[in-house]
Structures are given as structure tokens and as C-alpha cells.
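# Structure at a glance
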Amino acid sequence: MQRVVRTPGIGWLFFSPSGRAGRQVFILSWLFWMMANGYTTTKLVLHQDDESVLPFWSFLFFGVFVTSVVSGLMLGVKRLHDMGFTGLLAIALFVPVISVIVLLWMCVWPSEKGPNAYGPATDGPQK
């Protein structure tokens, strides 16, 4: 019986703490959530006087914001795993002054070469 190899999908990338994520995947994922939050914020501000669509954009803004926070935490955990650190350090992304420094550090720190305790390769789930 052959073993089926699954490629990681969007669900793994955004919502799973398992495995490793390289710099490029991490940065592009964060940029995606920044763009989504920027879009909903812009729509919310543009329609703040239109009470017919304001509840829709408020709900969408809140939903995208909460989803991006959860996803950002999962991405941070995977990026830290790829760097060889424990995922618990991702909590630093929520400390106001330190978060910017930690985010930049995670964007420039190189990946650990070869397999580590969190997965066999970069940009994949833990086997």
C-alpha cells in the first residue's frame, strides 16, 4: 500500500500551528491579512454615514479582524518553529511595543537548515 503525500493547503497555512513556515510564506501571509484588514477598514470608514450597509461592513470588519488575529498567531507559531524556537514566543506578537520588533525579527531571521523537532522541511506540516 502506497503512502499518500498531501500538499499543505490554505487551512493548514492560516489555521494550524503544526509544522514550519519560511520567511516568504510568512511575509506574504501577513501582507494578505494586512490587505484584507485595510480593505474592510476602508469600506467601514467610507460607509460610516450610510446606515443601510454599515452593519454589514461592521460585521465583516470584525470577522476579518478576529480571523486575522487567530491566523497571525498560527503563522507566528509556524515561523518560530521554522527558526528552531518554541511557538510560545508567538505571544510576543501581542505585546504592544515588542510586537513590531518581533515581527521584523521573524521576517529576517533565516530558517533552520534541514529537519528539526517541528517538521522535516520548511513550508510544510509536521509529519
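Predicted, not measured: the structure shown is a model, and the values here were computed from it.

This brings us to the packing of aromatic side chains. Scanning the model with the defined rule gives eleven aromatic pairs in all. Judged by centre distance (6.1 Å) and plane angle (55 degrees), the rings of Phe 26 and Trp 30 are tilted. You can see Phe 26 and its partner Trp 30 sitting in helix α2 (residues 23–46), four residues apart, about one turn around the helix. Looking at Phe 26, the relative accessible area reads 0%, which means it is buried. These aromatic residues form a ring-pair network of at least three members: Phe 14, Phe 15, Phe 32 and Trp 33. The aromatic ring of Trp 12 is capped on one face by Lys 78, whose charged end is 4.9 Å from the ring centroid.

For α2, spanning 24 residues, the distance from its first C-alpha to its last is 34 Å, which sits close to the expected 34 Å at 1.5 Å a residue. Taken as a whole, α2 has its buried residues at Phe 26, Ser 29, Trp 33, Ala 36, Asn 37 and Thr 40. Tucked inside the fold, the buried residues of α2 contact α1 (10–15), α3 (54–83) and α4 (96–108).

In this section: the layout of surface pockets. Volume-wise, the largest pocket comes out at about 240 Å³. Around the largest pocket, the lining residues are Trp 30, Trp 33, Met 34, Asn 37, Phe 65, Ser 68, Val 69, Gly 72, Leu 73, Leu 93, Phe 94 and Leu 103. Those elements giving two or more residues to the lining of the largest pocket turn out to be α2 and α3. Per-element tally for the lining of the largest pocket: the top contributor is α3, with five residues. Split by residue class, the lining of the largest pocket holds nine nonpolar, three polar and no charged.

Summed over the entire model, instances satisfying the criterion amount to two salt bridges. Close ionic contact of Asp 82 with Arg 20 constitutes a salt bridge, the shortest N to O distance being 2.9 Å. Within this pair, whereas Asp 82 is found in helix α3, its partner Arg 20 is found in the loop between α1 and α2, the two being separated by 62 residues in sequence. The class for Asp 82 is buried, based on a relative accessible area of 0%. For Arg 79, the salt bridge is made with Asp 82, and the minimal N-O distance between the two is 2.8 Å.

It is worth spelling out the packing of α2 against α4 at this point. Where α2 meets α4, the closest approach of the two axes is 8 Å, and the angle between their N-to-C directions is 140 degrees. Comparing their axes, α4 and α2 come out oblique. Across the interface between the two elements, Arg 23, Phe 26, Ile 27 and Trp 30 from α2 touch Leu 103, Met 106, Cys 107 and Val 108 from α4. Of the residues contributing to the contact of α2 with α4, the split by class is seven nonpolar, no polar and one charged.

Cut-offs and rules
Each chain carries its own residue numbering, running from 1 in the direction its sequence is written. Residue-level local features of this predicted model are given only where pLDDT is at least 70; pairs of side-chain atoms are given and counted only at 80 or more, and the full residue set underlies all totals for whole chains, interfaces and linings. Working from all heavy atoms in the structure, the side-chain values ignore hydrogens and water. Classification of ring pairs rests on two measures: the distance between centres of Phe, Tyr or Trp rings, Trp counted by its six-membered ring, which must be within 6.5 Å, and the angle between planes, read as stacked under 30 degrees, edge-to-face over 60 and tilted in between. What counts as a helix is a DSSP run of H or I of at least four residues, what counts as a strand is a run of E of at least two, and both are numbered from the N terminus. The buried label goes to any residue with under 20% of its type's maximum accessible area, the exposed label to any with over 50%, and the partly exposed label to all in between, with areas taken from a 1.4 Å probe on protein chains only. A positively charged side chain is recorded as over a ring if its NZ (Lys) or CZ (Arg) lies within 6 Å of the ring centre. The angle to the ring normal must also be within 35 degrees. Given a helix with a known number of residues, its expected span is that number minus one, times 1.5 Å. Contacts were defined at the residue level, with two residues in contact if any of their heavy atoms lie within 4.5 Å. Grid spacing is 1 Å over the protein atoms alone, the probe is 1.4 Å, and a cavity is where that probe fits but cannot get out, while a pocket is an open set with protein on both sides within 12 Å along at least five of seven lines and lining residues have an atom within 4 Å of a point. Grid points are joined across faces, edges and corners, and a volume is the space filled by probe spheres set on the points. Classes in brief: Ala, Val, Leu, Ile, Met, Phe, Trp, Tyr, Cys and Pro nonpolar; Asp, Glu, Lys and Arg charged; the others, Gly included, polar. Salt bridge, as used here, is a side-chain nitrogen of Lys or Arg placed within 4 Å of a carboxyl oxygen of Asp or Glu. Between N-to-C directions, angles cover 0 to 180 degrees, with each direction set by a line fitted to C-alpha atoms, over the stretch in contact for helices. Just so you know how the angles are binned, under 35 degrees is roughly parallel, over 145 roughly antiparallel, 65 to 115 roughly perpendicular, and the rest oblique.

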